[in-house]
Each structure stands twice: as C-alpha cells, then as structure tokens.
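A closer look at the structure
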Amino acid sequence: MASIAQKSLLAPPDIPNRRPKFRSERTLRFTESVIREMTRLAFQHKAVNLAQGFPDFPAPQILKDAAREAIAKDVNQYAITWGAKSFRDGIAAKYKRCYGLEFDPEREITVCCGSTEGMMASLMATTNAGDEIVIFEPHYENYGPDTLLSSAERKFVNLRPPDWRFDPAELRAAFSKNTKAIILCSPNNPTGRVFERKELEIIGELCQEFDCLAITDEIYEHITYDGAQHIPIMTLPGMRDRTVIVNSLSKTYAVTGWRVGWVLAAPDLSDSIRKVHDFLTVGAASPLQEAGALAMTLPDEYYTHLAVDYGARRDVMIGVLNGAGFHCYQTNGAYYIMADISGFGYPDDMEFARHLIEDVGVAAVPGSSFFENPEQGSQMIRFCYCKKYETLEAAKARLEKI
Ligand SMILES: Cc1ncc(COP(=O)(O)O)c(C=O)c1O
C-alpha cells in the first residue's frame, strides 16, 4: 500500500500501537501535518514562526465588527447546510464582478469549514476507489492525505525550479483513462507561482481530452505580484462544468481561524459535494458567514492594497533571506518563498530545519514535506512572510546567527 513517508521533526509520540484493529488502514497511510507541527515546535522553542501561513497582524476591523454584531443579533443557530443565503448571494456577486463567472447560489455554491473541508468534500464527492488524481509537486501538504482518504491514487508531476514550470509532456503522461481530476493550486503554495494562461490552456485541454475535472485551490487568488493575474481555469473554454473551485475567507481576509470556505461547481457536482459536506460538518459558523457576506462587498481597492502590501513584505523577506545566505527561488504570488539551502552544507532539510528552530530561533517548513519523494525537497525550505514587519525584523536578527 502506498503511504506518505514519515517526515516528523518531533520525537515519535509514545503511543503504543496495541490495538491495530481499531486504527483504520487509511489513517496509517499518512503522518500528521509537518506545517502545523512546526507551529507547535515554534511555540516550544519560542522561535519566530515563519512556518505556518497565518497572519500575525489583526483581521480587518469591519469584519470583526460584523461577526460580533451577528452574534449579538442572535445569528447563533445552524445556517442552511450549504451556507447562509446572504453569504452565497455575496459570493455569486463577487465572482460575477471579478471574473464574469455566474453561479446559481441555490445549486452551485456550498459554504464549508474552510477550503480544507472544501477540498476533502470535493474529492470524496467525485472519486471512487482506484481513480487517479494528478497533483503538481511540490504541493500543499493536504492534497496527499485528502486523496488517500478518498481512496484515490496519486500521480505526481513536477514543477521545476527556478521558475516552477511543468513539462507539458510529463503532464500528459500523467493522464490516463483512470484520471478523475487534476488538483491545481494557483497562486501556488509552496512555490509562490502564478500559472499563466497558456499553462492553464494545456491543463484545460487535457481535462477535456481525458474527460476529467480540475479541482482548483484558489485561496491566494488576490495575492499576486509583478503584473501576474490570477485566471480561474473555469473561465477557459470548455471548463465551466469541469472545474470545481475551492476557496475561503482565510487568506484574503486574514481570518484563518474562522474556518469559513466555499466550493463552486456545476449543479450535479455540487449536489454530491453538498451531501458529503452535510454529513461531515453540517455547516460553517453561522455568524461568521454573515461577516463573510460583508467581506464579499469590499471594494476593489481592498484587493489591490492586499497585493501591494504582501508584495512589499515579499521584497523585505527576500532581502532578509538573501542576506542570510539562502538562494530564493522566483515567486509572483501567494505569501511563501521556497529557498535553496545547499550553501549551508546540511545533509537534508530536516536537519537544517531543526538547526534553524533550535539554535537560530526561526521556524520554517522543510522542503521534503511538499514532495512525495522526500529526496526532491531535501535541499529546500519554505518561509512564509504573512507577518508584521517587526516579526520579519526579528527573523532577520536571528538569521544573522545562522
Ligand atoms: C493552498 C492552501 N489551501 C488551503 C489551505 C487551508 O485553507 P483554509 O484555512 O481555508 O482551510 C491553505 C493554508 O495554508 C493553503 O495554503
């Protein structure tokens, strides 16, 4: 049985496996998240946490007020399972405004507990045992366990540094009659790459030729730099009913702890996704969905400012990392930098990450956690920069000791 390699920095927990009968095989095929583990280690070592992608600055006041107000107005019971009407209507209006995409809020929008649930529910709703899912790597950690929990098989295709492009021939070779979907994350975590139209066209044509879906993680849609633009693959010819868009409030509105996301898909796909969602979680927090409805009405300037602001933090972070001896790979979106660590002479990324957290006091994510074959990421590390300038400064001061 294929499994995800053991990639833990913590000492193995002292949990005897006395009763294997009660541990499902599917849970034995992957480990806990290295990213979230790094946050726990950062606490333990009082390290500056540049590992997990959550802002350490306040969420927009207007959204916090809206959430408080909804609770005070007693929006405290279950929302409709697939999402509060105000929020679904708001999501539909925003996609029309931003991308010209039209969705029927009654049949094509499912609000869920973050894009994490959205991706899981989408995969569970669309795949059968033995179906194949194409995944670009390096990839966001969750896609591995998500596909394994859905009993699907994975086919990996490399994005290659320094510019993180794929080889179209390699991509084509990953598709087969068993392919059910490709997972696409753009702007990309961990590479910070924004896919271009011609790349999306290649992916879209393969989806049509092999009759499969694109399940897209668009959580960093508004965080792009250097003139790069996010293009939802759903807007390409032939892709409207073949794409499942997964997104959330987490990154765009700096509310990762709210756990509110959504899935957009044609009515037949949404019907299955809604069933999985209903029995997994019933629904996302109802007062926070009201704040989400307000978020959908924020003006274009909010998003322009978001991108400019993160672009400035990226430049600071690249300066800090270059100054400390890293080689930073290119990035034009999201809020991560993959850096090459080969100049430091460590045998692998795990040892280097341990040194960084224990001796230097900075937490980052070992590159191997983004690859099926850990070898491929063994000289890489990922830093996030969705942090206050003073946090980035603190990291700079510590990285001088590297
Ligand atoms: C690419 C990507 N998808 C999904 C998530 C999780 O998002 P959510 O908070 O909406 O569950 C993250 C969080 O870092 C991410 O980077």
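The structure displayed is predicted, hence computed values, not measured ones.

1. Notes on the overall build of the protein chain
The number of helices and strands found in the protein chain is twelve helices and 13 strands. The C-alpha radius of gyration computed for the protein chain amounts to 21 Å, which stays within 12% of the reference 21 Å derived for 402 residues, consistent with globular compactness. Dimensions of the protein chain along its principal axes, counting C-alpha atoms only, are 55 × 50 × 50 Å. Within the protein chain, the proportion of its 402 residues that are buried is 56%. Considering only contacts within the protein chain whose residues lie at least 6 apart along the sequence, 76% involve residues at least 24 apart. For the protein chain, the accessible surface area stands at approximately 16,900 Å², while carbon and sulfur atoms represent 53% of it. Computed over 44 positive and 53 negative side-chain charges, the separation of the two mean positions in the protein chain equals 4 Å.

2. A word on the environment of Phe 103
Tracing the backbone through its elements, the reader meets Phe 103 in the loop between helix H3 (85-99) and strand E2 (109-112). In this structure, the C-alpha to C-alpha distance between Phe 103 and Gly 361, residues 258 residues apart in sequence, is 47 Å. Ignoring anything within four residues of it in the chain, the contact list for Phe 103 reads Ala 92, Tyr 95, Glu 108, Ile 109, Met 234, Arg 240, Ile 245 and Leu 264.

3. Some thoughts on the site of the ligand
Of all residues adjacent to the ligand, which total 15 residues, the nearest are Thr 116, Asp 217, Tyr 220, Ser 250 and Lys 251. Arg 259 places a side-chain nitrogen or oxygen 2.7 Å from an oxygen atom of the ligand. With three residues, helix H4 (residues 114-126) is the single largest residue contributor to the shell around the ligand. The class makeup of the residues in the shell around the ligand is six nonpolar, six polar and three charged.

4. Remarks on the pattern of salt bridges
Counted under the stated rule, the structure contains 27 salt bridges. Of the charged contacts, one joins Glu 170 and Arg 160 as a salt bridge, the two residues approaching to 2.7 Å between their closest N and O atoms. One end of the pair, Glu 170, is in helix H6 (residues 168-174); the other, Arg 160, is in the loop between strand E4 (153-158) and H6, with ten residues separating them in the sequence. In the salt-bridge network here, residues are joined through shared partners; they are Asp 163, Arg 165, Arg 193, Glu 196, Lys 198 and Glu 199.

5. Considerations on the side chain of Glu 108
As for its placement among the helices and strands, Glu 108 is situated in the loop between H3 and E2. Not counting the four nearest positions on each side in its chain, Glu 108 is found in contact with Glu 102, Phe 103, Arg 240, Val 263, Leu 264, Ala 265, Ala 266, Pro 267, Ser 270 and Arg 274.

6. Points about the environment of Trp 262
Relative to the helices and strands, Trp 262 resides in strand E8 (residues 261-264). As for Trp 262 and Cys 328, which are separated by 66 residues in sequence, their C-alpha atoms are 33 Å apart. At 3.2 Å, the side chain of Trp 262 and the side chain of Tyr 95 are in polar contact.

7. A word on the packing of aromatic side chains
Applying the stated criterion to the full structure yields 22 aromatic pairs. Measuring from centroid to centroid gives 5.3 Å for Tyr 302 and Tyr 303, while their planes differ by 85°, and the two rings are edge-to-face. Put simply, the rings of Phe 57, Tyr 220, Tyr 310, Tyr 335 and Tyr 336 touch in pairs and so form one group of aromatic residues. The lysine or arginine in question, Lys 94, covers the ring of Tyr 95, its NZ or CZ lying 5.8 Å from the ring centre.

8. Notes on the sheet that holds strand E6 (residues 213-217)
In spatial order, the strands read E2-E8-E7-E6-E5-E3-E4; together these seven strands make up an open sheet with mixed pairing. Only two strands of the sheet have a single partner each, and these edge strands are E2 and E4. Put simply, the sheet's adjacent strands are angled 20° from each other on average, direction ignored. As defined by bridge partners, E6 adjoins strand E7 (residues 243-248) across four bridges and the pair is classed as parallel. From the neighbouring strand, Thr 216 faces E7, where its bridge partner is Ile 245. Here helix H7 (residues 197-209) sits on the sheet and contacts strand E3 (132-137), strand E5 (179-185) and E6; the angle it forms with E5, its principal contact strand, is near 165°. The sheet contacts of helix H8 (residues 267-281) involve E2, E6, E7 and E8, and relative to E2 the element is tilted by about 20°.

9. Some words on the sheet that holds strand E10 (residues 336-340)
Strand pairing in a sheet relies on backbone hydrogen bonds, with the paired strands running either antiparallel or parallel. Pairing in this open sheet of four strands is antiparallel, and the strands run E9-E10-E13-E12 from one edge to the other. Looking at strand neighbours, the two that pair on one side only are strand E9 (327-328) and strand E12 (365-366), the edges of this open sheet. The pairing of E12 with strand E13 (residues 380-384) spans two bridges and is classified as antiparallel. The residue of E13 that forms the bridge with Val 365 is Arg 382. Sheet strands in contact with helix H10 (residues 300-323) are E9, E10 and E13, and its direction is about 20° off that of E10. Those strands touched by helix H11 (residues 349-360) are E12 and E13, and its axis lies near 40° from that of E13.

10. Remarks on unusual backbone geometry
Following Glu 137, the chain continues to Pro 138 via a peptide bond in cis, the omega torsion being 10°. Within the secondary structure, Pro 138 is located in the loop between E3 and helix H5 (143-149). Positive phi, normally seen in glycine, also occurs at Arg 259, with a value near 65°. Here Arg 259 shows up in the loop between E7 and E8.

Criteria and thresholds
Residues numbered from 1 in each chain as written. Predicted model: local features only at pLDDT ≥ 70, side-chain atom pairs only at ≥ 80, totals over all residues. Heavy atoms only, no water. Helix = DSSP H or I, 4+ residues; strand = E, 2+ residues; numbered from the N terminus. Rg over C-alpha atoms; globule rule 2.2 N^0.38 Å. Buried < 20%, exposed > 50% of the residue type's maximum accessible area, 1.4 Å probe, protein only. Contact = heavy atoms within 4.5 Å. Areas by Shrake-Rupley, 256 points an atom, 1.4 Å probe, with all protein chains shown as cover. Lys, Arg positive; Asp, Glu negative; His and termini not counted. Charge placed at Lys NZ, Arg CZ, Asp CG, Glu CD. Near = heavy atom within 4 Å. Polar contact = N/O pair within 3.5 Å; in protein donor to acceptor, adjacent residues only side chain to side chain. Nonpolar A, V, L, I, M, F, W, Y, C, P; charged D, E, K, R; others polar. Salt bridge = Lys/Arg side-chain N within 4 Å of Asp/Glu carboxyl O. Phe/Tyr/Trp six-rings, centres within 6.5 Å; stacked < 30°, edge-to-face > 60°. Lys NZ or Arg CZ within 6 Å of the ring centre and 35° of its normal. Pairing = 2+ DSSP bridges. Axes fitted to C-alpha atoms, helices over the stretch in contact; angles between N-to-C directions.

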